[in-house]
Amino acid sequence: MIGFVTGANRGLGYELVKEGLQRGHKMLASCRKTDPVSAADLYLLQEQYGERIRIMPLDVVNETQAAQAAEEVKRQYDSLDFLFNNAGVLFEKMVMPGDAIADLDVDRFRETLDVNITGTAIVLKYFIRLLYASTDPCIMNITSEAGHLSPEGYNYLAYSVSKHGANMYTQKIRNYLAAEKADKNIRIYMVHPGRLDTIMGKENAQIHPQKSAEGLFDILERKTYIPPMDVPFINYRGEPMPY
């Protein structure tokens, strides 16, 4: 199968690319910076796997880049079997100084929502027709447990709002696909990948991103059974998440 990963130069994105290659898939690895320093680990994978990996520039909030990337994939492959919408940002710490309301950094708040929600929508906008052309398409939007509603906790305000928005976006797309594109048989999930030991998730780390990547590919390859779900919010083990 042919898969596309955003935010692929580090963390979970990199592990998804590596896991896909190890399982025999062709992997299209996209990230904002594709220079030999920023994407060094991807170039090492390219040395090992050759033409089975392509490294592509993509800032997910840049529509022009997204359109160009999708057109490039269309020219070479005609279709896409799976998409991991993985790119995201987290600018906050668990404990932020000052008042959570009065001292809100509005610019960072906007940027968080732009990348984590709008970026997901932009990528899917330009890649959906490639997924329509697959015989077994799957979309996994990487969100977070932080996106569910709870009467407790106020940490990671912007990030949590963005992930709730990403979940809602995924749900609306799921509803559209079920109502209008049922013949395409597209699986779509919003996925909590676990509390990952990455640059972004270091404060709450519980698992290595490789373990999450393995679980996500088991779901993709149907080694982990996921029953039909009206609200497809799951974790990396395929277990339902509260929403």
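Residues numbered from 1 in each chain as written. Predicted model: local features only at pLDDT ≥ 70, side-chain atom pairs only at ≥ 80, totals over all residues. Heavy atoms only, no water.

Caption draft 1: Broad picture of the packing of aromatic side chains. Going through the model one piece at a time under the given rule, you end up with 4 aromatic pairs. On the numbers, 4.4 Å between centres and 40° between planes, the contact of phenylalanine 4 with phenylalanine 127 is tilted. Highlighted residues: phenylalanine 4 in strand β1 (residues 2-5) and phenylalanine 127 in helix α4 (residues 106-132), separated in sequence by 123 residues. Here the two residues phenylalanine 4 and phenylalanine 127 agree in accessibility, since each one is buried. Among the aromatic residues, those joined into a cluster by ring pairs are Phe82, Phe84 and Phe217. Sitting over the ring of phenylalanine 91, arginine 108 keeps its end group 3.9 Å from the ring centre. (Phe/Tyr/Trp six-rings, centres within 6.5 Å; stacked < 30°, edge-to-face > 60°. Helix = DSSP H or I, 4+ residues; strand = E, 2+ residues; numbered from the N terminus. Buried < 20%, exposed > 50% of the residue type's maximum accessible area, 1.4 Å probe, protein only. Lys NZ or Arg CZ within 6 Å of the ring centre and 35° of its normal.)

Caption draft 2: Highlighting the packing of α4 against helix α5 (residues 157-180). Where α4 contacts α5, the axes come no closer than 8 Å and their chain directions differ by 25°. Classified by the angle their axes make, α4 and α5 are roughly parallel. When the axes of α4 and α5 are compared, the crossing they make is right-handed. Mapping the contact onto sequence places Phe109, Thr112, Leu113, Asn116, Ile117, Thr120, Ala121, Leu124 and Tyr132 in α4 and Ala158, Tyr159, Val161, Ser162, Lys163, Gly165, Ala166, Tyr169, Ile173, Tyr176 and Leu177 in α5. A class-by-class count of the residues in the contact of α4 with α5 yields 14 nonpolar, 5 polar and 1 charged. (Axes fitted to C-alpha atoms, helices over the stretch in contact; angles between N-to-C directions. Parallel < 35°, antiparallel > 145°, perpendicular 65-115°, else oblique. Left-handed = near helix turned anticlockwise from the far one by under 90°. Contact = heavy atoms within 4.5 Å. Nonpolar A, V, L, I, M, F, W, Y, C, P; charged D, E, K, R; others polar.)

Caption draft 3: Up close: the nonpolar core. By size, the foremost hydrophobic cluster in this structure holds 34 residues, and its most contacted members are Val17, Leu42, Ile53, Met140 and Leu216. Looking at this core, the elements that each hand over two or more residues are α1 (11-22), β2 (26-31), α2 (40-49), β3 (53-57), β4 (82-85), β5 (138-142), β6 (187-192) and α6 (209-220). Leave out the neighbours within four places in its chain, and isoleucine 53 touches Val17, Leu21, Met27, Ala29, Leu42, Leu45 and Gln46. Of all hydrophobic cores here, the second largest spans 30 residues; its members include Ile2, Ala66, Leu83 and Leu131. (Core = buried A, V, L, I, M, F, W, Y, C linked by side-chain atoms within 4.5 Å.)

Caption draft 4: Structural context of the sheet that holds β6. Taken in spatial order, the 7 strands line up as β3-β2-β1-β4-β5-β6-β7 in an open sheet, and their pairing is parallel. Only two strands of the sheet have a single neighbouring strand rather than two, namely β3 and β7 (233-235). Strand after strand, the sheet turns through a mean of 20° between neighbouring axes, direction not considered. Note that β6 and β7 share 3 bridges and pair parallel. Counted as the bridge partner of histidine 192 is asparagine 235 from β7. Helix-sheet contacts for α5 involve β5, β6 and β7, and the interaxial angle to β6 is about 165°. (Pairing = 2+ DSSP bridges.)

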